[in-house]
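Each chain, letter by letter, is given below.
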Amino acid sequence: MLRIPSSVRQGLVAGLIGGGSVALWFLIVDTVAGRPLFTPAVLGSAVFFGLRDPAALTMSSNAVIAYTVLHVLAFLAVGVIISAVLTEIKKTPHVLWLLVEFFVVFEFGFYAAVALFFAPLLEGLAWINVAVGNLIAAGALGYYFWRVHPVFRLPRDNR
């Protein structure tokens, strides 16, 4: 039987938690705005079908599903990378700086990619909603890792 290392398993679970929290946030935001699944439809249509004008969006389950798969895979990768860095921190504490750098580069890269490649779509997606979604995901990932990852566990008193 295939045995998955605990750091990979924790990373996958964290990725599902982070990705799920962002997806739930945007489902709530889109539903309150009266257009459920708008965000994944716009992003999926842009990434996979070349949409450049959000006013031209035709809601498509293919776009929503394709973007959701991409979103989940990206968060699974992020979770595994964070878990690997946390595992390394226990052996080499100064590696914590890599985690901070990874977060900054990831956030900057996300915003830069959206601004460069999907600028017209920004009219349909409020930056504050994206920022809040990213903060929710970071908080959810951080809380999960704080609860389960060995680097955050205090040594037991062996008296």
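We now turn to the structure provided with this report. (Residues numbered from 1 in each chain as written. Predicted model: local features only at pLDDT ≥ 70, side-chain atom pairs only at ≥ 80, totals over all residues. Heavy atoms only, no water.)

With that settled, the discussion passes to the layout of surface pockets. Reported here for the second largest pocket is a volume of approximately 300 Å³. Elements with a contribution of two residues or more to the lining of the second largest pocket: helix H3 (61–91), helix H4 (96–117) and helix H5 (127–148). In terms of residues, the lining of the second largest pocket owes the most to one element, H5, which gives seven residues. (1 Å grid on protein atoms, 1.4 Å probe; cavity = no way out; pocket = protein on both sides within 12 Å on 5 of 7 lines; lining within 4 Å. Points joined across faces, edges and corners; volume = space filled by probe spheres on them. Helix = DSSP H or I, 4+ residues; strand = E, 2+ residues; numbered from the N terminus.)

So, about the side chain of Ser45. Secondary-structure assignment places Ser45 in helix H2 (residues 38–49). Under the relative-accessibility criterion, Ser45 is labelled buried at 8%. Apart from the residues lying within four places of it in its own chain, the contact partners of Ser45 are Pro40, Gly50, Leu51, Leu57 and Ala63. (Buried < 20%, exposed > 50% of the residue type's maximum accessible area, 1.4 Å probe, protein only. Contact = heavy atoms within 4.5 Å.)

This paragraph deals with the packing of aromatic side chains. The tally for this structure, following the rule as stated, stands at two aromatic pairs. Judged by centre distance (5.9 Å) and plane angle (40°), the rings of Tyr143 and Trp146 are tilted. With Tyr143 and Trp146 both in helix H5 and three residues apart, this pair spans about one turn of that helix. Positioned above the aromatic ring of Phe38 is the side chain of Arg35, whose terminal nitrogen or guanidinium carbon lies 4.0 Å from the ring centre. (Phe/Tyr/Trp six-rings, centres within 6.5 Å; stacked < 30°, edge-to-face > 60°. Lys NZ or Arg CZ within 6 Å of the ring centre and 35° of its normal.)

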